[in-house]
Protein chains: 2
Amino acid sequence: MTGAVLERKSGVALWRQIADLIRSDIATGVAGQDGRLPPEMELAKRYSVNRHTVRSAIAALEQEGVLRSEQGRGTFVRRRKRLSYPIAKRTRFSAGLGNQAGSTLTRLLESMEESASQTVADNLGVPAGDPVIRLDTVSEADGLPVSRATSWFDASRFAGIDEAFGEHASITKALSACGVTDYVRKSTTIEARHASADDIRLLRLSAGAIVLVTRAVNTDSDGNPIQYAESRFAADRVELKIESD
Amino acid sequence: MTGAVLERKSGVALWRQIADLIRSDIATGVAGQDGRLPPEMELAKRYSVNRHTVRSAIAALEQEGVLRSEQGRGTFVRRRKRLSYPIAKRTRFSAGLGNQAGSTLTRLLESMEESASQTVADNLGVPAGDPVIRLDTVSEADGLPVSRATSWFDASRFAGIDEAFGEHASITKALSACGVTDYVRKSTTIEARHASADDIRLLRLSAGAIVLVTRAVNTDSDGNPIQYAESRFAADRVELKIESD
DNA sequence: CAAATTTGTCTATTGTTATAGACAACCAAA
DNA sequence: TTTGGTTGTCTATAACAATAGACAAATTTG
């Protein structure tokens, strides 16, 4: 809102920096409260750039589906607030976002059996090289991708979980079909990085976007690890909320 | 590691994308395990770009202190792994990083009394406009900035906490001097965004870097809010780790 | 309807980014 | 000391990013 200072010759084009600022201001409610963006000339003045540079930023956000421009009328906001994804002992995708989004959906991209890498083995508590089942999924809220995840399960205990997921389209239900009626989250690490080419494709992001990466271990009620998952959230569309108990 | 696909005309210069990839690969241990980077020609081949483009990326990382090039010998890694910052009920900066870093330090940038914004008021449980004390701090580990934070306290209850912080250089000790012997974290939200100009300056980042933004409320043992804090972590240097209990 | 406001399109110029090739400077090892 | 591998510097050219100005096209307001 203030005379935000943009970085020149930083390797990040001004139009992209401005697009990121506007997207963020919309997500936090700083801008677009009335449903419309200020005129291009005003934005150009605010950021001390040429009107054409602002137009490039708006064009990018229009491509993303955040804005919509109409000749003679103005530029309008199409999507507003960020979703808040809760991380707690009992974290489940649809339940957590249920009250914020109209519809939620988790799609299976791929499932396969592979041998456990060192990281996966450590987190699942099995020897490295043991067979594990990997599920690649994408979760959407209101038709827009919110996160993608890769989950690993011990193949000896969870044989057939891929098919169970195919039937129920839900990790919770698939686990239930495998005899796990309850599970809790043991630990989560969070980092942030620029989206990879895969992230951009699968989450329908723009280049230069940011993803929040979480790595989590879920355990059954006896404390045995049952699932290790690496998730990537579109940082524009979601924030993570940790509730202590 | 693989033939990572770079995005052209994305508003993010190729040299910056490559710098981000290399930095990330070093942080995760994918690259530079032997302490040195592959030759420039090899990297140029891997990313399918000109050698000069790779050189720009390396120059940026050299400026950041991540790499060091020596003519005739090669390019070497100066900093390796990311710190892991724990978020739990009892989160304290120096205690959490103590075992990972040699020295930790929190410096006071500014302190002032102001009237509570709506957000601050909501989180501290005081009426909007009430006087609050704001502390702006930067925390360092081994001489490198890790995070910056803005904290707010109810001025009526914590008068003089700015001076107490000046004496002890620790939030925990300053609170203790104000009669709060224990406090717990009630909630934390996490988001990720590109670093602002201020972030870049105070955390000594490069343009286009990512920050993890956390907003947390700490309460005393009776459950009364005592501190609301907005922190920004350099995503290259730290990950957040949430332990369920 | 006329005027004011706003987005859309076009031309032109300058600075930054990326590519290409050549060679110098330096280091380590044969 | 010679050779091969590596980083450092220079020149030149093409593609992209940013600035500047002008005017068209569409909408709203008076």
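Computed from a predicted structure; not experimentally measured.

## A look at the overall build of chain A
Okay, so step 1: Secondary structure assignment for chain A yields 8 helices and 11 strands.
Okay, so step 2: Relative to its full complement of 245 residues, chain A shows a buried share of 53%.
Okay, so step 3: Surface summary for chain A: the accessible area is close to 11,200 Å², and the carbon and sulfur share equals 46%.

## With respect to the environment of R157 of chain A
All names here are of chain A.
Okay, so step 1: By the secondary structure assignment, R157 is in the loop between β7 (144-154) and α6 (161-168).
Okay, so step 2: Take R157: its relative accessible area is 42%, and that puts it in the partly exposed class.
Okay, so step 3: In sequence terms R157 and V132 are 25 residues apart; their C-alpha atoms lie 9.3 Å from each other.

## Considering the packing of aromatic side chains
Okay, so step 1: Going through the model one piece at a time under the given rule, you end up with 4 aromatic pairs over all chains.
Okay, so step 2: Each ring, one from W152 of chain B and one from Y228 of chain B, has its centre 5.7 Å from the other, and the planes form 20°; the classification is stacked. With W152 of chain B in strand β7 (residues 144-154) and Y228 of chain B in strand β10 (residues 225-234), the pair connects residues that are 76 residues apart, well separated along the chain. This pair shows no difference in class: W152 of chain B is buried, exactly as Y228 of chain B is.
Okay, so step 3: The residue whose ring lies beneath R46 of chain A is Y47 of chain A, and the NZ or CZ to ring-centre distance is 6.0 Å.

## Topic: the protein's contact with DNA strand D
Okay, so step 1: What surrounds DNA strand D is a group of 25 residues, the closest being L14, W15, H52 and T53 of chain A together with R51 of chain B.
Okay, so step 2: Counting only atoms of DNA strand D within 4 Å of the protein, the fraction found in sugar and phosphate groups is 67%.
Okay, so step 3: In this structure, Q71 of chain A approaches DNA strand D through a side-chain N or O atom, which is 2.9 Å from a sugar or linking oxygen.
Okay, so step 4: Separating a base nitrogen of DNA strand D from a backbone N or O atom of G72 of chain B is a distance of 3.2 Å.
Okay, so step 5: Contributing elements (two or more residues each) for the surface near DNA strand D: α1 (14-27) and α3 (51-64) of chain A together with α3 (51-64), β2 (67-70) and β3 (74-77) of chain B.
Okay, so step 6: Residue composition of the surface near DNA strand D, by class: 5 nonpolar, 12 polar and 8 charged.

## Looking at the protein's contact with DNA strand C
Okay, so step 1: Within the structure, DNA strand C sits among 25 residues, and Q71 of chain A together with L14, W15, H52 and T53 of chain B are positioned closest to it.
Okay, so step 2: By atom count, sugar and phosphate contribute 64% of the portion of DNA strand C lying within 4 Å of the protein.
Okay, so step 3: Backbone polar atom of E40 of chain A to a phosphate oxygen of DNA strand C: 3.0 Å apart, as the coordinates give it.
Okay, so step 4: With respect to DNA strand C, the backbone of G72 of chain A contributes an N or O atom lying 3.3 Å from a sugar or linking oxygen.

## Observations regarding helix α2 (residues 40-47) of chain B
For an α-helix, 3.6 residues make a turn, and residues three or four places apart therefore share a direction.
Residues and elements named next belong to chain B.
Okay, so step 1: Among all positions in α2, only E40, L43, A44 and Y47 are buried. The buried residues of α2 occupy an angular sector of 100° when projected down its axis, which confines them to one face. Away from its buried face by more than 90 degrees, α2 exposes M41 and K45.
Okay, so step 2: Once α2 finishes, S48 follows within two positions and takes phi at roughly 55°, a positive value.

## Considering the sheet that holds β3 of chain B
Residue and element names in this part refer to chain B.
Okay, so step 1: With antiparallel pairing, 3 strands are arranged side by side in an open sheet as β1-β3-β2. Sheet topology places β1 (36-37) and β2 at the edges, where each strand pairs with a single neighbour.
Okay, so step 2: Bridge count for β1 against β3 is 2 bridges, and the pairing is antiparallel. When the bridges of β3 are listed, L37 appears paired with T75.

## Remarks on the sheet that holds strand β2 (residues 67-70) of chain A
Okay, so step 1: Overall, antiparallel pairing links the 3 strands, which are arranged β1-β3-β2 (chain A) in an open sheet. What marks the edges here is a single partner per strand, and that holds for β1 (36-37) and β2 of chain A.

## Description of the nonpolar core
Okay, so step 1: I190 and L212 of chain A together with I190 and L212 of chain B are the most contacted members of the largest nonpolar core, which totals 28 residues.
Okay, so step 2: Looking at this core, the elements with two or more residues in it are β4 (83-87), β8 (183-194), β9 (210-220) and β11 (238-243) of chain A together with β4 (83-87), β8 (183-194), β9 (210-220) and β11 (238-243) of chain B.
Okay, so step 3: Ignoring anything within four residues of it in the chain, the contact list for I190 of chain B reads I190, L212, E239, L240 and I242 of chain A together with I87, L212, V213, T214, L240 and I242 of chain B.

## Considerations on α6 of chain A
All names here are of chain A.
Okay, so step 1: Every buried residue of α6 is listed here: I161, A164 and F165. Taken down its axis, α6 places every buried residue within 100° of arc, on the same side. The exposed residues of α6 that point more than 90 degrees off its buried face are E163, G166 and E167.
Okay, so step 2: Those residues of α6 that are buried lie in contact with β5 (104-115), β6 (131-141), β7 and α7 (171-177).

## Observations concerning the pattern of salt bridges
Residues and elements named next belong to chain B.
Okay, so step 1: A complete count under the given rule lists 29 salt bridges over all chains for this structure.
Okay, so step 2: Among the salt bridges present, the one from R55 reaches E40, with a minimum N-O distance of 2.9 Å. Remark: E40 occurs in helix α2 and R55 occurs in helix α3; sequence separation between them is 15 residues.
Okay, so step 3: Here R55 falls in the partly exposed class, since its relative accessible area comes to 40%.

## So, unusual backbone geometry
Residues and elements named next belong to chain A.
Okay, so step 1: One non-glycine residue, S48, lies in positive phi territory at about 60°.
Okay, so step 2: Using a relative accessible area of 55% as the deciding quantity, one classes S48 as exposed.
Okay, so step 3: Notably, R204 is not glycine yet its phi reads approximately 55°, a positive angle.
Okay, so step 4: Considering the arrangement of structural elements, one finds R204 in the loop between α8 (197-202) and β9.

## Some thoughts on the side chain of T214 of chain B
Okay, so step 1: Here T214 of chain B lies in strand β9.
Okay, so step 2: When near neighbours in sequence (up to four residues on either side) are disregarded, T214 of chain B contacts T188, T189, I190, A229, E230, S231, F233 and L240 of chain B.

## Section: the packing of α2 of chain B against α3 of chain B
Pairs of packed helices are described in terms of their axes, by the angle between the two and the distance that separates them.
Residue and element names in this part refer to chain B.
Okay, so step 1: Relative to each other, α2 and α3 sit at 105°, their axes nearing to 8 Å. The angle between α2 and α3 places the two elements in the roughly perpendicular class. When α2 is examined against α3, the residues E40, M41, L43 and A44 are found in contact with a partner set consisting of R51, V54, R55 and I58.

## Here's the deal with the environment of G143 of chain B
Residue and element names in this part refer to chain B.
Okay, so step 1: Considering the arrangement of structural elements, one finds G143 in the loop between β6 (131-141) and β7.
Okay, so step 2: Look at G143 and you get partly exposed, because its relative accessible area is 40%.
Okay, so step 3: Expressed as a C-alpha distance, the spacing of G143 and T104, which sit 39 residues apart in the sequence, is 7.6 Å.

Calculation rules
Residues numbered from 1 in each chain as written. Chains lettered and ligands numbered in written order. Predicted model: local features only at pLDDT ≥ 70, side-chain atom pairs only at ≥ 80, totals over all residues. Heavy atoms only, no water. Helix = DSSP H or I, 4+ residues; strand = E, 2+ residues; numbered from the N terminus. Buried < 20%, exposed > 50% of the residue type's maximum accessible area, 1.4 Å probe, protein only. Areas by Shrake-Rupley, 256 points an atom, 1.4 Å probe, with all protein chains shown as cover. Phe/Tyr/Trp six-rings, centres within 6.5 Å; stacked < 30°, edge-to-face > 60°. Lys NZ or Arg CZ within 6 Å of the ring centre and 35° of its normal. Near = heavy atom within 4 Å. Polar contact = N/O pair within 3.5 Å; in protein donor to acceptor, adjacent residues only side chain to side chain. Nonpolar A, V, L, I, M, F, W, Y, C, P; charged D, E, K, R; others polar. Arc of directions from axis to C-beta. Pairing = 2+ DSSP bridges. Core = buried A, V, L, I, M, F, W, Y, C linked by side-chain atoms within 4.5 Å. Contact = heavy atoms within 4.5 Å. Salt bridge = Lys/Arg side-chain N within 4 Å of Asp/Glu carboxyl O. Axes fitted to C-alpha atoms, helices over the stretch in contact; angles between N-to-C directions. Parallel < 35°, antiparallel > 145°, perpendicular 65-115°, else oblique.

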